[in-house]
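Summary of structural features
Okay, here's what each chain looks like letter by letter:
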Amino acid sequence: MYTVSLGGLAFEWDPAKAAANRNKHGVTFNEASTAFLDEHARIVADPEHSTDEERFVLMGMSGVLSLLVVRHCYREDDETIRILSARRADDSEHQEYAKYLP
């Protein structure tokens, strides 16, 4: 398990899962964690990918200005965010995100 803190938030992830995600999607979980700092980010429930825990999807701008879609859950203490996957947003997600910008 890998744990990192950023801006008062704590994140954790499985290193093997992070490496597989980087190879598949070209996005590191370190970069994905920065999307949680986006003040315009949107979080929605992800019930179709949840069987034994509540999961969520965040769409937010990363620290290197890539719009990301990050699947995550909250650990038992509700103070640690476990990143499950991250990818770059597609065109329709970019349009959706733009609707919420000032």
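For the structure itself, consult the block above.
Residues numbered from 1 in each chain as written. Predicted model: local features only at pLDDT ≥ 70, side-chain atom pairs only at ≥ 80, totals over all residues. Heavy atoms only, no water.

Here's the deal with the overall build of the protein
As a reminder of what qualifies: Helical segments are the DSSP runs of H or I of at least four residues, strand segments are the runs of E of at least two, and each set is numbered from the N terminus. Atoms considered for the radius of gyration are the C-alpha atoms alone. The globule rule reads 2.2 Å times the number of residues to the power 0.38.
When helices and strands are tallied, the protein shows three helices and six strands. Overall, the protein shows an N-to-C arrangement of helices and strands of β-β-α-α-β-β-β-β-α. Over its C-alpha atoms the protein spans a radius of gyration of 13 Å, differing by no more than 12% from the 13 Å that the globule rule assigns to 102 residues. Based on the C-alpha atoms only, the size of the protein along its principal axes is roughly 35 × 30 × 25 Å.

Section: helix α1 (residues 15–25)
To keep it simple, the criterion reads: Within 3.5 Å is the distance limit for a polar contact, defined as a pair of N or O atoms, with the added protein rule that one can donate a hydrogen and the other accept it, and that residues adjacent in sequence qualify only through two side-chain atoms.
Between a side-chain oxygen at the N-terminus of α1 and the backbone nitrogen of A16 the separation is 2.8 Å; the capping residue is D14. Downstream of α1 by a residue or two, G26 has a phi angle that is positive, lying close to 70°.

Focus on the packing of aromatic side chains
The geometry of two aromatic rings is summed up by the distance between their centres and the angle between their planes. To keep things clear, this is the line we draw: When the centres of two rings from Phe, Tyr and Trp lie within 6.5 Å, Trp using its six-membered ring, the rings pair. Their planes under 30 degrees apart give stacked, over 60 give edge-to-face, and anything left gives tilted. Type-normalised accessible area, obtained with a 1.4 Å probe on protein chains alone, sets the label of each residue: buried when under 20%, exposed when over 50%, and partly exposed for intermediate values.
Going through the model one piece at a time under the given rule, you end up with three aromatic pairs. Note on W13 and F29: the rings are 5.9 Å apart at their centroids and 80° apart in plane angle, and the pair reads as edge-to-face. With W13 in strand β2 (residues 9–13) and F29 in helix α2 (residues 29–34), this pair connects stretches of sequence that are 16 residues apart. An identical accessibility class is assigned to W13 and F29; each is buried.

Observations concerning the nonpolar core
Generally speaking, a soluble globular protein has its nonpolar side chains buried in company with each other. Put simply, the rule is: The term nonpolar core refers to a set of buried residues drawn from Ala, Val, Leu, Ile, Met, Phe, Trp, Tyr and Cys, joined through side-chain atoms within 4.5 Å.
Among the nonpolar cores identified, the biggest contains 15 residues, and V70 and I83 are the most heavily contacted of them. Top element by residues in this core is strand β6 (residues 80–88). It accounts for three residues. Core analysis: the next-biggest nonpolar cluster, separate from the first, contains six residues, M59, L67, V69 and Y97 among them.

Details of the pattern of salt bridges
Put simply, the rule is: We define a salt bridge as a contact between a side-chain nitrogen of Lys or Arg and a carboxyl oxygen of Asp or Glu at a distance within 4 Å.
Scanning all chains against the criterion turns up seven salt bridges. One network of salt bridges, with partners in common, ties together E12, R75 and R82.

Section: unusual backbone geometry
Of note, L65 is a non-glycine position whose phi angle comes to about 65°, a positive value. Examined against the element boundaries, L65 turns out to sit in the loop between β4 (55–61) and β5 (67–74).

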